[in-house]
Amino acid sequence: MEKSEKMLEGDLLFKRIVEMVELHYLLQPFNVYTYLGKDGLVRFDDQHFIGDRNKYAITVISYFLQR
């Protein structure tokens, strides 16, 4: 793997980490936690969810539409 490919891979990982942290703070009122899966995608843990599921869905959808 070339150096430029490693940089792109690192940039993508950094972007995912930023996304995970932003979503973590955004979803705290719903008691939903975020983490990076083994595939590098942001995952949600809503086992202890509190609140309105509709507001939760709108919050997540709005976040991704604004990006």
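Draft legend 1. Geometry of the environment of Gln28. Within the secondary structure, Gln28 is located in the loop between α1 (3-27) and β1 (33-36). Taking the C-alpha atoms as reference, Gln28 lies 9.7 Å from Phe49; in sequence the two are 21 residues apart.

Draft legend 2. Highlighting the pairing of β1. Sheet analysis places β1 next to strand β2 (residues 42-45), joined by 4 bridges and oriented antiparallel. Of the residues in β2, the one forming a bridge with Leu36 is Val42. Counting the residues between successive antiparallel strands, the hairpin from β1 to β2 contains 5 residues, one of them, Gly40, with a positive phi of roughly 85°.

Draft legend 3. Summary view of a nonpolar patch on the surface. On the surface, a nonpolar cluster with roughly 360 Å² of combined accessible area is contributed by Leu13, Ile17, Val21 and Tyr25. Relative to the helices and strands, Leu13 resides in helix α1. Overall, the relative accessible area of 44% leaves Leu13 in the partly exposed class.

Draft legend 4. Summary view of the packing of aromatic side chains. Inspection of the entire model under this criterion finds 4 aromatic pairs. Between Phe30 and Phe49 the ring centres are 5.9 Å apart and the planes differ by 5°, which places this aromatic pair in the stacked class. On the criterion of sequence distance, the pair formed by Phe30 in the loop between α1 and β1 and Phe49 in the loop between β2 and α2 (53-66) is long-range, its members being 19 residues apart. Ring centres 5.7 Å apart and planes at 55° place the aromatic pair Phe30 and Tyr56 in the tilted group. Pair noted here: Phe30 is in the loop between α1 and β1 and Tyr56 is in helix α2, with a separation of 26 residues, a long-range link. By relative accessible area, which is 10% here, Phe30 ends up buried. Within the aromatic cluster, the residues linked to one another by ring pairs are Phe30, Phe49 and Tyr56. Residue placement shows Arg53 over the ring face of Phe49; its charged tip is 4.0 Å from the ring centre.

Draft legend 5. Highlighting α2. End to end, α2 covers 20 Å across 14 residues, agreeing with the expected 20 Å (1.5 Å per residue, within 8%). The complete set of buried residues in α2 reads Tyr56, Thr59, Val60 and Tyr63. Projected down its long axis, α2 shows its buried positions confined to an angular sector of 90°, all on one face. The exposed set on the far side of α2, more than 90 degrees from its buried face, consists of Asn54, Ile58, Ile61, Leu65 and Gln66. The N-cap residue of α2 is Asp52: its side-chain oxygen and the backbone nitrogen of Asn54 are 3.0 Å apart.

Analysis parameters
- Residues numbered from 1 in each chain as written.
- Predicted model: local features only at pLDDT ≥ 70, side-chain atom pairs only at ≥ 80, totals over all residues.
- Heavy atoms only, no water.
- Helix = DSSP H or I, 4+ residues; strand = E, 2+ residues; numbered from the N terminus.
- Pairing = 2+ DSSP bridges.
- Patch = residues over 30% accessible without salt bridge, like charges linked within 9 Å, V, L, I, M, F, W, Y side chains within 5 Å.
- Areas by Shrake-Rupley, 256 points an atom, 1.4 Å probe, with all protein chains shown as cover.
- Salt bridge = Lys/Arg side-chain N within 4 Å of Asp/Glu carboxyl O.
- Buried < 20%, exposed > 50% of the residue type's maximum accessible area, 1.4 Å probe, protein only.
- Phe/Tyr/Trp six-rings, centres within 6.5 Å; stacked < 30°, edge-to-face > 60°.
- Lys NZ or Arg CZ within 6 Å of the ring centre and 35° of its normal.
- Expected span 1.5 Å × (residues − 1).
- Arc of directions from axis to C-beta.
- Polar contact = N/O pair within 3.5 Å; in protein donor to acceptor, adjacent residues only side chain to side chain.

Interpretation note: all reported values are geometric properties and have no functional meaning in isolation.
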